[in-house]
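# Structural description and commentary
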Amino acid sequence: RNVDILIEEDRIKKIGRGLKEKVDEIINGKGKLALPGFINCHTHSPMILFRGIADDLPLMEWLTKHIWPREKRLKPKHIYIGCLLACMEMIRSGITCFNDMYFYANEAAKAAEEVGIRSVLSSVLLDVLPEKAGWNIFIKILKELERLKSPLITPALGPHSVYACSLENLRRIKELM
């Protein structure tokens, strides 16, 4: 169907047939499909660096024998490079926002800002944190993440999983958010 879409700056202003507004540029979309940007709701974007590594194994074997040992060696620069690559791949695929949970969220924020993609960023929260750190560590992490907030970046708390976080801490995290 022939429908016009009027875009002003980065916003859709009007959609309809036969729009007569004066515009700077007309893009002929005949034979094309206009879709909203997609949202990737679950990513660990820097893990793009591990793509194809032992990916035919059961989850826990894959994590414990191949991924976690490699993650221990990651430095902030690796997170930035992996996230930058993932952000570029997402943009190319029509993803305009992603929800990410990984280490060094500040590096992911830097990459997302550079590419210009919206993101919800969180650091991984696990119950294996030192006992003496207690609940205060979650509050500290949230405060650090709040510094990343921008028009493109929304900070959040990211519990790793139901098998790595107690029900008590999942409830506490919900209270903070």
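Okay, so let's go over this structure. Since the structure is predicted, the reported quantities are computational estimates derived from the model, not experimental observations.

### Quick look at the side chain of threonine 43
Looking at the element boundaries, threonine 43 is found in strand E3 (residues 38-43). A polar contact is formed between the side chain of threonine 43 and the backbone oxygen of asparagine 99, at a distance of 2.7 Å.

### Focus: the environment of lysine 77
Summarising the element assignment, lysine 77 is placed in helix H2 (residues 76-92). Expressed as a C-alpha distance, the spacing of lysine 77 and lysine 20, which sit 57 residues apart in the sequence, is 50 Å.

### Focus: the packing of aromatic side chains
Two measures describe an aromatic ring pair: the distance that separates the ring centres and the angle between the ring planes. Here the structure, examined in full by the defined rule, presents one aromatic pair. For lysine 110, the ring lying beneath its charged end belongs to tyrosine 80, and the centroid distance is 4.6 Å.

### Examining the pairing of strand E2 (residues 11-16)
Bridge count for strand E1 (residues 4-8) against E2 is five bridges, and the pairing is antiparallel. Opposite isoleucine 5, over in E2, you have isoleucine 15 as the bridge partner. In this structure, the hairpin formed by E1 and E2 is closed by a connection of two residues, where glutamate 9 is found at a positive phi of approximately 55 degrees.

### Quick look at the state of the cysteines
According to the stated counting rule, one finds zero disulfides in the structure shown. Not engaged in a disulfide, the cysteine cysteine 41 finds its nearest cysteine sulfur in cysteine 97; these two sulfurs lie 8.0 Å apart. Among the cysteines around cysteine 87, which has no disulfide bond, cysteine 83 carries the closest sulfur, lying 3.8 Å off. Judged by its relative accessible area of 0%, cysteine 87 is buried.

Each value, and the rule that gives it
- Residues numbered from 1 in each chain as written.
- Predicted model: local features only at pLDDT ≥ 70, side-chain atom pairs only at ≥ 80, totals over all residues.
- Heavy atoms only, no water.
- Helix = DSSP H or I, 4+ residues; strand = E, 2+ residues; numbered from the N terminus.
- Polar contact = N/O pair within 3.5 Å; in protein donor to acceptor, adjacent residues only side chain to side chain.
- Phe/Tyr/Trp six-rings, centres within 6.5 Å; stacked < 30°, edge-to-face > 60°.
- Lys NZ or Arg CZ within 6 Å of the ring centre and 35° of its normal.
- Pairing = 2+ DSSP bridges.
- Disulfide = S-S within 2.5 Å.
- Buried < 20%, exposed > 50% of the residue type's maximum accessible area, 1.4 Å probe, protein only.

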